[in-house]
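Each chain, written out:
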Amino acid sequence: MPANASGSGSSPGTPAGKPLDGVRVLITRSPERSLPLVAALQEAGAQAVLLPLIDFERAADQHSLDVACDALGAGAFDWLVVTSATTVHVLLAKAAERGLSLRQWIPAGTRIAAVGPASRNLLESAGLPVELTPREEQSAAGLLEVWPAGAGKVLLPQADIAPARLAEGLTAAGCLVTAVTAYRTVDYPAAAERRLAIPAEDGGPGQVPPSYSLLAPEAAAAEIEAGQIQAVVAASPSAVRRIHALSPLHGCRLVAIGRSTAEQAAALGLPVAAIAAEPTPQGLVAAVEMALAPG
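Residues numbered from 1 in each chain as written. Predicted model: local features only at pLDDT ≥ 70, side-chain atom pairs only at ≥ 80, totals over all residues. Heavy atoms only, no water.

Caption draft 1: Geometry of the pattern of salt bridges. Within this structure, the stated rule accounts for 14 salt bridges. Arg 242 is the partner of Asp 187 in a salt bridge, and the nearest nitrogen-oxygen pair spans 2.5 Å. Taken as a pair, Asp 187 in strand 7 (residues 176-187) and Arg 242 in helix 9 (residues 237-243) lie far apart in primary sequence, 55 residues in all. Among the charged side chains, a network of salt bridges with common partners joins Asp 66, Asp 70, Lys 94, Glu 97 and Arg 98. (Salt bridge = Lys/Arg side-chain N within 4 Å of Asp/Glu carboxyl O. Helix = DSSP H or I, 4+ residues; strand = E, 2+ residues; numbered from the N terminus.)

Structure, rendered in structure tokens:
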């Protein structure tokens, strides 16, 4: 268990008057990906409990990924489309393998599109300007709504389970799309020898990592049945599929990070209490508040 994890499951007292006082919220991401959300929940008075359900491994076909990456570095693509923060970490690793920073590796003439603030922030932190993001819905559909017609050659590195809708939509818009698997989504924990090394997210320099409790799936299911967890946050469609194994959720409210996650829940018969207006810690906290609001 990480040094900042509390194994006791007890929570410190929270100041009165906060919107989520006394609420326990289940987060289904790994600890290194959950710290900003844990901190935001605690700021609202809630206690975060973690049940990591998904993890990420390196793509099985590294040759195809490297061929695409070499072409990217050589300026063969007009656009690089990034759909997740995990993809950015893969690209950072590929640049490091070549002895370069991401800014040194990707040509200045390659335009970059990003779906969601997390991937955009990581790219900009690496010194890469992001030219195109969705205006409203942070999703593949949102990006396609703002995509310029006939935009040339596009590299689309993505998860092995990524839906085909973005590649198909870009092709329909007149692009020549090279879609390549950048990483695999697996049950937590990934095999140590194949696991992607992803640095812990934090709230910025000088901030103390927040505390949290880790649960096993059996313990999480028991606490949900006993009414001890009031909300569960699903940060991806693949997480929803694994949350389904914990069902029925009884009185626990399911909060989805976005439309595609909510659609996956609906397909599995899981009622969604709220969808985050934006896929950020603050957006998710607001969605939890909405899900638990009277009426």
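Caption draft 2: Spatial organisation of the nonpolar core. Counting 46 residues, the largest nonpolar core has Leu 26, Leu 80, Leu 102, Trp 105, Leu 123, Leu 249 and Leu 254 as the members making the most contacts within it. In this structure, Leu 249 is in contact with Ile 224, Val 232, Ile 243, Leu 254 and Leu 270, ignoring residues within four places of it in sequence. Among the nonpolar cores identified, the runner-up in size contains 25 residues, and Leu 41, Leu 50, Ala 274 and Leu 284 belong to it. (Core = buried A, V, L, I, M, F, W, Y, C linked by side-chain atoms within 4.5 Å. Buried < 20%, exposed > 50% of the residue type's maximum accessible area, 1.4 Å probe, protein only. Contact = heavy atoms within 4.5 Å.)

Caption draft 3: Region of interest: the packing of helix 2 (residues 62-73) against helix 3 (residues 85-97). It is the contact of helix 2 with helix 3, at a shortest axis distance of 11 Å, that shows an interaxial angle of 75°. Considering their axes alone, helix 2 and helix 3 lie roughly perpendicular with respect to each other. Residues Gln 62, Leu 65, Asp 66 and Cys 69 of helix 2 form the contact with helix 3, whose participating residues are Val 90, Lys 94 and Glu 97. When the residues that make up the contact of helix 2 with helix 3 are grouped by side-chain class, the tally is three nonpolar, one polar and three charged. (Axes fitted to C-alpha atoms, helices over the stretch in contact; angles between N-to-C directions. Parallel < 35°, antiparallel > 145°, perpendicular 65-115°, else oblique. Nonpolar A, V, L, I, M, F, W, Y, C, P; charged D, E, K, R; others polar.)

Caption draft 4: Here's a closer look at the sheet that holds strand 4 (residues 79-82). The five strands lie next to each other as 3-7-6-4-5, forming an open sheet whose pairing is mixed. The open sheet has two edge strands, strand 3 (54-58) and strand 5 (111-114), and neither has a second partner. Across the sheet, the mean angle separating the axes of adjacent strands is 25° when strand polarity is ignored. Relative to strand 6 (residues 153-159), strand 4 runs parallel, the two being bridged by two bridges. The partner of Trp 79 across the bridge, within strand 6, is Val 154. (Pairing = 2+ DSSP bridges.)

Caption draft 5: Just helix 8 (residues 217-225), in detail. Buried within helix 8 we find Ala 220, Glu 223 and Ile 224. Buried residues of helix 8, viewed axially, fall in a sector of 100°; they line one side. Residues of helix 8 that are exposed and angled more than 90 degrees away from the buried face: Glu 218 and Glu 225. Tucked into the core, helix 8 has its buried residues touching strand 1 (24-27). (Arc of directions from axis to C-beta.)

Caption draft 6: Focus on the sheet that holds strand 10 (residues 253-256). Pairing is parallel across the open sheet formed by six strands, whose spatial order is 8-2-1-9-10-11. The strands lining the two open edges of the sheet, one partner per strand, are strand 8 (213-214) and strand 11 (272-275). Pairing of strand 1 with strand 2 (residues 47-50), which is carried by four bridges, proceeds in the parallel orientation. When the sheet's bridge partners are listed, Leu 26 is paired in strand 2 with Val 49. Helix-sheet contacts for helix 10 (residues 259-267) involve strand 9 (231-234), strand 10 and strand 11, and the interaxial angle to strand 11 is about 170°. Across the sheet, helix 11 (residues 281-292) touches strand 1, strand 9, strand 10 and strand 11, and the angle it forms with strand 10 is around 150°.

Caption draft 7: Region of interest: the environment of Ala 239. Among the secondary structure elements, Ala 239 is positioned in helix 9. For the pair Ala 239 and Ala 226, spaced 13 residues apart in sequence, the C-alpha to C-alpha distance is 22 Å. Contact partners of Ala 239, with chain neighbours within four places excluded, come to Thr 28, Leu 53 and Ile 54.

Caption draft 8: Summary view of the state of the cysteines. Within the structure shown, the criterion is met by zero disulfides. Considering cysteine sulfurs only, Cys 175 is the nearest to Cys 69, which forms no disulfide, with 19 Å between them. Exposure remark for Cys 69: the relative accessible area of 2% places this residue in the buried category. (Disulfide = S-S within 2.5 Å.)

Take it as geometry only, folks, not as evidence of what the structure does.
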